[in-house]
Amino acid sequence: PPDSDFDLRKLIPYAGLVWNFLPDYSAFASYTGIYKPQTGRDINGHYLDPVEGVSYEVGIKGEHFNKRLNTALTLFDTRQDNIATPVLDAGGNPVLRPDGSSVMAAVDGVRSRGFEIDVSGRVTSDVQLAFGWTYFSMKDDDGEKVRPFLPRTLVRLFATWQPRQWVPDLTLGAGFNWQSGTSSTIASPGGPYNLQQGGFGQMSLMARYQFTP
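Fair warning: this is a prediction, and the values are worked out from it, not measured in the lab. (Residues numbered from 1 in each chain as written. Predicted model: local features only at pLDDT ≥ 70, side-chain atom pairs only at ≥ 80, totals over all residues. Heavy atoms only, no water.)

A. Focus on the sheet that holds strand E10 (residues 170-179). Strand order in the open sheet formed by nine strands is E1-E2-E3-E4-E7-E8-E9-E10-E13, and the pairing between neighbours is antiparallel. Of all strands in the sheet, those bounded by a partner on one side alone are strand E1 (14-22) and strand E13 (200-209). Neighbour-to-neighbour, the strand axes of this sheet turn through a mean angle of 10 degrees, independent of strand direction. Taken together, the 12 bridges between strand E2 (residues 25-36) and strand E3 (residues 51-64) define a ladder with antiparallel strand orientation. Bridging across to E3, Ser 30 finds its partner in Glu 57. (Pairing = 2+ DSSP bridges. Helix = DSSP H or I, 4+ residues; strand = E, 2+ residues; numbered from the N terminus. Axes fitted to C-alpha atoms, helices over the stretch in contact; angles between N-to-C directions.)

What follows is the structure, given as structure tokens:
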């Protein structure tokens, strides 16, 4: 469109550092710039400016039991501007465009902070395990929650077992994922409605048999 600006060359800085301070442990830190075009449009139909910001990470990784088990703890802090947020009218209803899409406004000063824990490896000669736990908060300059439709806590667990003594080529597995509750404001004839979903878990099962090498 005539009123759009284009920049086909954008430099996004990134820097990382890893320090092996013990034979089985290493510390790491990283910095990256953020530049992400988005599809949200304002009241006049113009696309919002790209999300811009910076993200910092620090953490520690370890190897245990003769490198059979790996662990990692990561702390992150992300700050972003131009985050697309639905515009609400005086009654609290989302303002809609003629095509039914929500009118969006750019919010500055959004900060996300949290941690991630990962544990993976071979617990025994027949059992492998993978566990992950992620938590973050996301608020604007006023301390208000931003994008509450994103779950703040995620937990992931998966394990596989090979019954070598009975069926050597068979692998059985089971997993469980859990996420915290979310919410979103939607328009309705009787006024705005806060749609909420509580936390829930999902289980998965698998089996694999290797016919030939």
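Okay, back to it.
B. Quick peek at the packing of aromatic side chains. Following the criterion strictly, the structure yields seven aromatic pairs and no others. Measuring from ring centre to ring centre gives 5.8 Å for Tyr 209 and Phe 211, while their planes differ by 85 degrees; the resulting arrangement is edge-to-face. Three or more aromatic residues joined by ring pairs make a cluster, and in this case those are Trp 19, Phe 21 and Tyr 25. The ring of Tyr 47 has Arg 41 sitting right over it, with the charged end atom 5.7 Å from the ring centre. (Phe/Tyr/Trp six-rings, centres within 6.5 Å; stacked < 30°, edge-to-face > 60°. Lys NZ or Arg CZ within 6 Å of the ring centre and 35° of its normal.)

C. Main features of the environment of Ile 12. Here Ile 12 lies in the segment before E1. In this structure Ile 12 comes out as partly exposed when scored by relative accessible area, which is 41%. Those residues in contact with Ile 12 that lie beyond four places of it in its chain are Thr 32, Gly 33, Ile 34 and Tyr 35. (Buried < 20%, exposed > 50% of the residue type's maximum accessible area, 1.4 Å probe, protein only. Contact = heavy atoms within 4.5 Å.)

D. Region of the structure containing the pairing of strand E9 (residues 153-161). Pairing of strand E8 (residues 127-139) with E9, which is carried by nine bridges, proceeds in the antiparallel orientation. Across the sheet, residue Gly 132 finds its bridge partner in E9, namely Arg 156. Two elements, E9 and E10, share eight bridges in a ladder whose sense is antiparallel. Along E10, the bridge assignment pairs Arg 156 with Asn 177.

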